[in-house]
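Here is how the chains run, residue by residue.
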Amino acid sequence: MTARSIIRVSILAGAIAAASALVSAWALASPASDPIGRALGWLGQGSDHVAAWYASDPVADMPDWRAMRLDVAGGDAARGRDLMRDHGCGACHRIPGVPGAHGTVGPSLAGLAERAYIAGILTNAPGELTRWLIDPPYFSQDTAMPDLGVTEAEAMDMTAYLYTLGGDE
Ligand code: HEC
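Computed from a predicted model, the values in this text were never measured in an experiment. (Residues numbered from 1 in each chain as written. Predicted model: local features only at pLDDT ≥ 70, side-chain atom pairs only at ≥ 80, totals over all residues.)

1. As for the overall build of the chain
On a plain count of helices and strands, the chain comes out with 7 helices and 2 strands. Along the chain, from the amino end to the carboxyl end, the secondary structure elements read α-α-α-α-β-β-α-α-α. Compactness check: the chain gives a C-alpha radius of gyration of 33 Å against a globular reference of 15 Å for 169 residues, more than 25% above the reference. With the principal axes as the frame, the chain shows a C-alpha extent of 90 × 45 × 25 Å. When each of the 169 residues of the chain is scored for burial, the buried share is 18%. Residue pairs in contact within the chain that sit at least 24 positions apart in sequence constitute 50% of those at least 6 positions apart. (Helix = DSSP H or I, 4+ residues; strand = E, 2+ residues; numbered from the N terminus. Rg over C-alpha atoms; globule rule 2.2 N^0.38 Å. Buried ≥ 20, exposed ≤ 12 C-beta atoms within 10 Å, placed from the backbone. Contact = placed C-beta atoms within 7 Å.)

2. What about the site of the ligand?
Near the ligand you find 26 residues, and of these C89, C92, G106, T143 and M145 are the closest. Here the shell around the ligand is built from residues that sort into 18 nonpolar, 7 polar and 1 charged. (Near = placed C-beta within 6 Å. Nonpolar A, V, L, I, M, F, W, Y, C, P; charged D, E, K, R; others polar.)

3. Quick notes on the domain arrangement of the chain
Quite often, the size of an interface is put as the accessible area lost when its parts meet. Per the domain assignment, the segments making up the chain are domain 1 (3-61) and domain 2 (66-162). Between the C-alpha centres of domain 1 and domain 2 the distance comes to 60 Å. (Domains from an automatic or database assignment.)

4. Description of the packing of helix α5 (residues 126-134) against helix α7 (residues 152-162)
Look at α5 against α7: their axes get within 9 Å of each other, and the N-to-C directions meet at 125°. For the element pair α5 / α7, the angle class is oblique. In this structure, α5 meets α7 at a crossing whose hand is right-handed. Across the interface between the two elements, P126, L129, T130, L133 and I134 from α5 touch E152, A155, M156, M158, T159 and L162 from α7. Its residues assigned to classes, the contact of α5 with α7 comprises 8 nonpolar, 2 polar and 1 charged. (Axes fitted to C-alpha atoms, helices over the stretch in contact; angles between N-to-C directions. Parallel < 35°, antiparallel > 145°, perpendicular 65-115°, else oblique. Left-handed = near helix turned anticlockwise from the far one by under 90°.)

5. Structural notes on the packing of helix α4 (residues 77-86) against α7
The N-to-C vectors of α4 and α7 enclose an angle of 105°; their axes lie 7 Å apart at closest approach. In terms of orientation, α4 lies roughly perpendicular with respect to α7. Of α7, the residues touching α4 (which contributes A77, R79, G80, R81, L83 and M84) are E154, D157, M158, T159, A160 and Y161.

6. Let's talk about helix α2 (residues 35-55)
Given 3.6 residues per helical turn, the α-helix brings residues three or four places apart onto the same face. Here α2 is 21 residues long and its end C-alpha atoms lie 30 Å apart, about the 30 Å a rise of 1.5 Å per residue gives. In terms of burial, α2 is largely open, as just 0 of its 21 residues are buried. Taken from the residues just after α2, D57 is the one with a positive phi, measuring 55°. (Expected span 1.5 Å × (residues − 1).)

7. Notes on the environment of M145
Here M145 shows up in the loop between α6 (136-139) and α7. If sequence neighbours within four positions are ignored, M145 has contacts with G106 and P136.

8. Here's the deal with unusual backbone geometry
Of note in this structure, A119 is not a glycine but carries a positive phi near 50°. Assessed through the 17 C-beta atoms surrounding it within 10 Å, A119 is described here as partly exposed.

9. A short note on the nonpolar core
Grouped together as the largest cluster of nonpolar side chains are 20 residues, with contacts concentrated most on M84, L133, M158 and L162. Of all the secondary structure elements, the ones that give two or more residues to this core are α4, α5 and α7. Sort the elements by how many residues they give to this core and α7 lands first, with 6 residues. Discounting chain neighbours no more than four positions away, the residues touching L133 are V150, A155, M158 and T159. (Core = buried A, V, L, I, M, F, W, Y, C linked by C-beta atoms within 7 Å.)

Below, the structure written as C-alpha cells:
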C-alpha cells in the first residue's frame, strides 16, 4: 500500500464512521428530541422569516439613492435661490424659481439635477458643483462664467437649490 492509498482509505473510513454515527444518533434519539425533524424545523422557520421579510416589501424602505446622490449636507435651498438672485446669476442663466433669471449667455439651469456633467467637464455631484460655483475659471480657463466671489457656504446653498431643479422644469 502506498502512503497515498492509506490516506484515501482512512478518509473513507472516517466518512463512513461519521455517517453511521449520525444515523445511529437519529435512530436512538427519542421522537421528542428528533434531531433531523428539528433541523428541518429550523430550516422551515428560517424560510418563514425570509418569506415574511420578502412579503414586507423591503425595497419600499430602501433609501432613494438617486435623490441622495444630490443631497447637499448643510445646504439651504431657499437661501441658495435668494443668493443666486443677489449674485446676478440670472443675467446669464435661465433659473426656474429665481425672479428675473432669463439670461441666455450660459446654459439654462433647468433640469440641472439630471445632467451627467457640469460645464461638460466636472461630474455632476454636490462637491463638484459647489467647487465650480466658487471658481469656474479654475476648472475651465476659457469659460465665459466668471469668478463671482461666491463663498463656500453660499455655493453649498446654491447647489442645494440647483439640485431641486429636475427634468420637468
Ligand atoms: C457672465 C455670465 C455668467 C454668470 C454671471 C454666471 N454664469 Fe454660470 N455659466 C456661464 C456660462 C457661459 C456657462 C457655461 C460654462 C462652460 O461650459 O464653460 C456657465 C455654466 C454654469 C453652470 C454649469 C451648467 C451646466 O449645464 O453644465 C452652472 C451650474 C452655473 N453656471 C451656475 C451659475 C450660478 C449659480 C451663477 C451665479 C453665482 C452663475 N452661473 C453666474 C455664464 C455665467
